[in-house]
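A closer look at the structure
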Amino acid sequence: MSLHAQDDPALRAAQEERLRAVWAPPKGLFLRWTDTNNNQVGVWYTLTAFGFMLFAGVLALIMRVQLAQPGNELVTPSTFNQLFTLHGSMMMFLFAVPMFEAVSIILLPQLLGARDLPFPRLSAFGYWSFLIGGVFVSGSIFFDAAPDGGWFMYPPFTTRTDLSGLGADIWMLGLSFIEVSSVAAAVELITGVLKCRPPGMRLNLMPLYAWYILVVAVMILFAFPPLIAGDVLFELERLLGWPFFDAAKGGDPILWQHLFWIFGHPEVYIVFLPSIALFAMIVPTFARRHLLGYPWIVLAAVGTAFLSFGLWVHHMFTTGLPKISLAFFSAASEAVAIPTGIQIFAFIATLWAGRVTWSTPLLFVTGSIAIFVIGGLTGVMVAIAPFDWQAHDTYFIVAHLHYVLIGGTLIPLFGGLYYYWPLITGKKLSDRIGRTAFWLLFGGANLTFFPMHFSGLMGMPRRVFTYPQELGIGGLNLASTIGSWVFAAGVLLVCVDLALSPRRSKSPRNPWAAGTLEWLAHPDDEDWGIRSIPLIESRYPIWDQANFVAKVDEGRFFLPDAEEGRRETIVTSVLDARPVQVLRLGGPSVVPMLTAIALGSVFILTTYHLYWAALVGAGATLAMVLYWLWTGTAEIPEKACKPIGHGIALPLYLSGASASGWWAMFITMMADATAFSGLVFGYYFFWTRHDDFPPGGPGMEGPGSFWPMLAMAVMLASWALTVAARELNRREAVGAARAALATAALLSLGAIGAGLAGPWLSGLQPELHVYPAIVWTLAIWTTAHCGVGAIMQLYTLARSLAGRMTSRHDADLRNITVYQHFMALTAVVTYATIGLFPGAA
C-alpha cells in the first residue's frame, strides 16, 4: 500500500471498520472470558491479582490486631500461623509477580507498537492457571486447612505429615501450578520484547519498561525452576516417604533452603525491577525531558539481575555455613547496592535537569523511592554476617523486608495505576483523592514498620502470635497496628477512587503529554489498539518524530488493514527490528481455559491423594494441549506473502530461529533445564554431605553403568534421527524424514525402559536412603522427558502425514528439534551422573 492511498477518507474508514470487527471482543460475559486479546486478558489478570492483594492485606490486619497488645487471644496460635503463611505466600506468589506480569501484558503491546504479543492464548492459559491455583490456595483458610509452615515452608516440620496437615500439600501443589503460569507469562513477555517490536526499534531504542520486563522475565526462567525442583523433592517426601530432607536417612533440610532461596532472593528483585520500570516511564514524562543515563540504567538493571542470583545465602547466615562462603555472599549482598543506586540517581538527575510538573503519579514515585532507600540501607546492615546473626528471625528483618517490598513494589504500583488508568479506561483518577491516599499510605507504612526495627532489636521474634509484657514492646506494637490501619485506609481510598472512575468524563488523549508509544491509544478505547504499526527513530517518538501521531492515526505506516479478517501483527528481527513476518494470532478460544482446568485438576486431585483421578486429568490435559497445537499453531497460510504498506511484503509463515515459536520453545527449555539443574544440584549436594555416597547395602547400591549408558546411547540416537529428519524434510525427502521420525519415537520409548531398568534391576529402594531416592528422581525426570519427546515426534509425524507440515512449512519439526537438543543434554548429564559418578557399582 502506498503512502498517498491513505489520503482517501473512505479507504481509511473501511480499514478501521475491518480492524474493529476483527479485534472486538465477543459479546456476553462468558464469551468475553474466552477472548485471548492480551488487553482483555491483562485487565482480568490485573483485577484478580489486585483482589488477592486486598485479601492478603485483610489477613495482615488481623495479625496486627492480634499483636497490638501482649497476651492477646483474638486468634489461636494455629490460626495465626495460617494467617502469616498465607499472607506472605499470597503477597509474593499471587500478587507481586502476577501483578507485574498482568500489567506488562496490557502495556507491552502498546509500548512496542504491536497489535498484540505473539502468543495471546498462552497468556490466557497463564491467567486461568493463576486464577484456579490462587483460589485453591487462598480459599483453604476458610476450611482451617491453610498452610501454616511459613511462606518458606522449611522442612523437616513441613515434610512430616504428622506435624503438618493438608495445608503443606495445598501450598506446595497449588503454588507449583501458579509457577507454571508465571513461566508461561515469562515466555510470552520475552518473545514479545525480542520479536514484536515495531520496525526501526533497535535494542538501544526500546523503552526502558521493555528492557526491565525483558530482564525480569529472564530472571523468572532462572529463579522459579529451582523452586519447582524443590517442590518435586518436597512432595515426593510427603507423598511417598522419599527422605530428601530427613537427616536420619541421609537427607538434609538445608538443601530446601538452598533451592528455595535461589528463588527467594532474586524474587525480591523480580518484583522490584518492574516498579523501577514504572519510574522509568513516569519520571521523563513529568520532567519533560529524555531520561538521563539510558545505557547506564540498562546495564544497572542487567547487573542487578546478575548479582541477585549470588545472594541467596544472604538468608542462610545462621545455618552454620563455612565462614569463607559467608564472606563471599556478604560482599555480593553489599555490591548489589551499586547498580540499584545507579538507577535511583539517574531518576533523581533527570528530575533535577528537567522542568518538573508535579502530579499524583510523580508523588507516588518520590515517596516510594524514599521508603525503598530506607529498606536498602537496612539491607546493607543485614548483609553483614555478624549483625545478621543478632537480627535474624527478629522483627528487624520484618521491617527491612516490608520497607523494600512496599517502597519497591506496592506504592510504585499505585503510582503506575494513577499514571496508566487513562490509558486503560480513558478516564483519569482524582488527583485530590490520590494525594490524600498517598499520604495515608506513606505515613501508614512508616508508622507500621519503622517501630519494628526497634522492637526487633529489643527481642521481638518473628512468627510468634503473642509476646510477654516484660519485653516492654507493647507500645511499639500498638503503634505498628495503628499504622497498619492507616495504611489500609489509604488502600481503601484508592479503591473508592477506582469505584468512582466510571462516573467521570473521558480525559483527553495522552493527558500527561508523554512521549512513548503507549499513549497513541485513543480514549475511545478501540479494541484493535494502534492504528498502524509505526517506523521508530527515537526513544520518545511522540515528542521527537514530526506529525507522528497523525501519521499513525491515518494509517500511514505499516499493516493498517485486516483484509483477510485475521488478527495480525508484525514480527521483527531480534537486534535491529527489521520486519520479517506477518504473524497471525490466535483469536477467541475456550481451549486455554479448558487446558488450565484440566491441568489444575492434576495438582488439586494429587493434593487429596486421588491419584487415579489425577491421572485422568493428566490425560485430559495432554488431549487439550494436542488439540490446541493441532488447530491453533503452525497454520499453512493461503498465500506466501502479505503486503504491509510502502511496497513491502512479508511472509505469513516462518520457521527456525527467526520465528516466534522457535524462540518460545528455546525459552521454555531454558526454564526446564534450570529446574533439572536444581535436581542435579541436589545429587551433588548430598554427595558432598556424605563420605559414603552411595552408601551400599541392600536397596542402596548404585544402578551400575550398563543400563544408564545404554539409555544414554538410545536417547542420543533418537536425537540424531530427529535432527536427520529435519534435514531430510528440508531437502524434500519426505518419506525418509517420516521414517526417521517414526524410528526416533520408538527409540525415545526404548530410552524410557532402559533409563528405568538400572534403578529397578539394582533394587534401589528410595524410602530407605536419600541416595536411591535422588537416583530414582533423576531417572524418572529424564524418562518422563523421553516420553514427552516421543509424543512430540509422533505429533510431528502425524502433521506430516496429514499435510499440515511440508518441506517449506516445517516449524513443528524445527521446534521439536530444539526440545531434542535439550533432551540429549539432560540424558547425558543424568546418566553420566548416576552411572559413572560417583561410585557406580
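Right above here is the structure, for reference.
These numbers were taken from a predicted model, which means no experiment stands behind them. (Residues numbered from 1 in each chain as written. Predicted model: local features only at pLDDT ≥ 70, side-chain atom pairs only at ≥ 80, totals over all residues. Heavy atoms only, no water.)

**Topic: the overall build of the chain**
Secondary structure assignment for the chain yields 25 helices and four strands. The C-alpha atoms of the chain give a radius of gyration of 27 Å, which matches the 28 Å a tight globule of 841 residues would have. By its C-alpha atoms, the chain is 85 × 80 × 45 Å across when sized along the principal axes. The buried share among the 841 residues of the chain stands at 60%. Counting contacts in the chain only where the partners sit at least 6 residues apart, residues at least 24 apart contribute 81% of the total. For the chain, the exposed area adds up to about 30,400 Å²; of that, 69% sits on carbon and sulfur atoms. Across the chain, the 47 positively charged side chains and the 51 negatively charged ones have centroids separated by 9 Å. (Helix = DSSP H or I, 4+ residues; strand = E, 2+ residues; numbered from the N terminus. Rg over C-alpha atoms; globule rule 2.2 N^0.38 Å. Buried < 20%, exposed > 50% of the residue type's maximum accessible area, 1.4 Å probe, protein only. Contact = heavy atoms within 4.5 Å. Areas by Shrake-Rupley, 256 points an atom, 1.4 Å probe, with all protein chains shown as cover. Lys, Arg positive; Asp, Glu negative; His and termini not counted. Charge placed at Lys NZ, Arg CZ, Asp CG, Glu CD.)

**Remarks on the packing of aromatic side chains**
The way to describe two aromatic rings as a pair is by their centre distance and the angle between their planes. Counted under the stated rule, the structure contains 57 aromatic pairs. Taking 4.9 Å as the distance between ring centres and 90 degrees as the angle between the ring planes, the aromatic pair formed by F260 and W261 counts as edge-to-face. A relative accessible area of 6% places W261 in the buried class. When the centroid spacing of 5.7 Å and the interplanar angle of 75 degrees are considered together, the rings of W662 and W663 count as edge-to-face. An aromatic cluster of three or more residues is present, and its members are F93, W151, W171, F224, F234, F245, W256, F260, W261 and F263. It is R539 that lies over the ring of Y294; its NZ or CZ is 3.7 Å from the centre. (Phe/Tyr/Trp six-rings, centres within 6.5 Å; stacked < 30°, edge-to-face > 60°. Lys NZ or Arg CZ within 6 Å of the ring centre and 35° of its normal.)

**Notes on helix α15 (residues 431-457)**
Spanning 27 residues, α15 covers 39 Å between terminal C-alpha atoms, matching the ideal 39 Å at 1.5 Å per step. One side-chain oxygen at the N-terminal end of α15 lies 3.3 Å from the backbone nitrogen of R432; it belongs to S430. Following α15 by one or two positions, G459 has its phi on the positive side, about 115 degrees. (Expected span 1.5 Å × (residues − 1). Polar contact = N/O pair within 3.5 Å; in protein donor to acceptor, adjacent residues only side chain to side chain.)

**So, the packing of helix α3 (residues 38-66) against helix α16 (residues 474-500)**
Running from amino to carboxyl end, α3 crosses α16 at an angle of 155 degrees, the nearest separation of the two axes being 10 Å. With respect to their mutual orientation, α3 and α16 come out roughly antiparallel. Handedness of the α3/α16 crossing: left-handed. Together, F50, L54, L61, R64 and V65 of α3 and N477, S480, T481, S484, W485, A488, V491, C495 and L498 of α16 make up the contact between the two elements. Looking at the contact of α3 with α16, its residues break down into nine nonpolar, four polar and one charged. (Axes fitted to C-alpha atoms, helices over the stretch in contact; angles between N-to-C directions. Parallel < 35°, antiparallel > 145°, perpendicular 65-115°, else oblique. Left-handed = near helix turned anticlockwise from the far one by under 90°. Nonpolar A, V, L, I, M, F, W, Y, C, P; charged D, E, K, R; others polar.)

**A closer look at the pattern of salt bridges**
Tallied over the full model, the rule gives 25 salt bridges. Taking the shortest distance from any N to any O, the salt bridge between D810 and R814 comes out at 3.0 Å. Its relative accessible area of 3% is what places D810 among the buried residues. For R814, a relative accessible area of 22% puts it in the partly exposed group. Overlapping salt bridges, with partners in common, bring together E563, E564, E568, R584, E638, K639 and K642 in one network. (Salt bridge = Lys/Arg side-chain N within 4 Å of Asp/Glu carboxyl O.)

**As for the packing of helix α8 (residues 253-287) against helix α11 (residues 337-353)**
Relative to each other, α8 and α11 sit at 15 degrees, their axes nearing to 9 Å. Classed by the angle they form, the pair α8 and α11 counts as roughly parallel. Viewed along their axes, α8 and α11 form a crossing whose handedness is left-handed. Judged by residue contacts, Y269, F272, L273, I276, F279, A280, V283 and A287 of α8 engage T340, Q343, F347, T350 and L351 from α11. Grouping the amino acids of the contact of α8 with α11 by side-chain chemistry returns 10 nonpolar, three polar and no charged.

**Details of the side chain of T607**
In this structure, T607 sits in helix α19 (residues 591-607). Those residues within four positions of T607 in sequence are excluded, and the remaining contacts are F136, L166, D169, I170 and L173.

**Here's the deal with a nonpolar patch on the surface**
Among the surface-exposed residues, L29, F30, L31, W33, V590, L594 and I597 lie close enough to one another that they form a single nonpolar patch of about 610 Å² accessible area. The set of elements that each furnish at least two residues to the nonpolar patch consists of α2 (29-33) and α19. Looking at the nonpolar patch element by element, the count peaks at four residues for α2. With respect to the helices, strands and loops of the structure, F30 is situated in helix α2. Judged by relative accessible area, F30 falls into the partly exposed class, the value being 46%. (Patch = residues over 30% accessible without salt bridge, like charges linked within 9 Å, V, L, I, M, F, W, Y side chains within 5 Å.)

**Describing the pairing of strand β3 (residues 641-645)**
The pairing of β3 with strand β4 (residues 648-651) spans four bridges and is antiparallel. Among the inter-strand pairings, P643 is bridged to a residue of β4, identified as A649. Linking β3 to β4, which pair antiparallel, is a turn of two residues; within it H646 sits at a positive phi near 60 degrees. (Pairing = 2+ DSSP bridges.)

**Section: the environment of N477**
In this structure, N477 sits in helix α16. In the structure, N477 is positioned 410 residues away from L67 in sequence and 6.5 Å away in space, judged by C-alpha atoms. Other than its neighbours up to four places away in sequence, N477 contacts R64, L67, A68, M460 and Y467.

**Description of the environment of H646**
Relative to the elements of secondary structure, H646 occurs in the loop between β3 and β4. We classify H646 as partly exposed; its relative accessible area is 37%. For H646 and L351, which are 295 residues apart along the polypeptide, the C-alpha to C-alpha distance reads 40 Å. Side-chain polar atoms of H646 contact the backbone oxygen of R556, separated by 2.7 Å.

**Digging into the nonpolar core**
Y209, Y212, F244 and F414 are the most contacted members of the largest nonpolar core, which totals 246 residues. In terms of residues, this core owes the most to one element, α8, which gives 24 residues. Excluding residues that lie within four positions of it along the chain, F414 makes contacts with F50, M53, F364, L441, V491 and V494. (Core = buried A, V, L, I, M, F, W, Y, C linked by side-chain atoms within 4.5 Å.)

**What about the state of the cysteines?**
Per the stated rule, a full pass over the model turns up zero disulfides. Note on C641: no disulfide assigned, nearest cysteine sulfur contributed by C196 at a separation of 18 Å. Taking the relative accessible area as the measure of exposure, C641 reaches 39% and is therefore partly exposed. (Disulfide = S-S within 2.5 Å.)

**Observations concerning unusual backbone geometry**
Cis peptide bonds are those with omega within 30 degrees of zero, and the linkage from P155 to P156 qualifies with 5 degrees. With respect to the helices and strands, the residue P156 is situated in the loop between α5 (120-138) and α6 (167-195). In the segment running from F693 into P694, the intervening peptide bond is cis, with an omega of 10 degrees. If you trace the backbone, P694 turns up in the loop between α21 (660-689) and α22 (706-730). For D144, which is not a glycine, the phi torsion comes out positive at approximately 55 degrees. Relative to the helices and strands, D144 is located in the loop between α5 and α6. Look at A513: it is not a glycine, yet its phi comes out positive at around 60 degrees. With respect to the helices and strands, the residue A513 is situated in the loop between α16 and α17 (541-544).

Distances and angles like these do not, on their own, reveal function.
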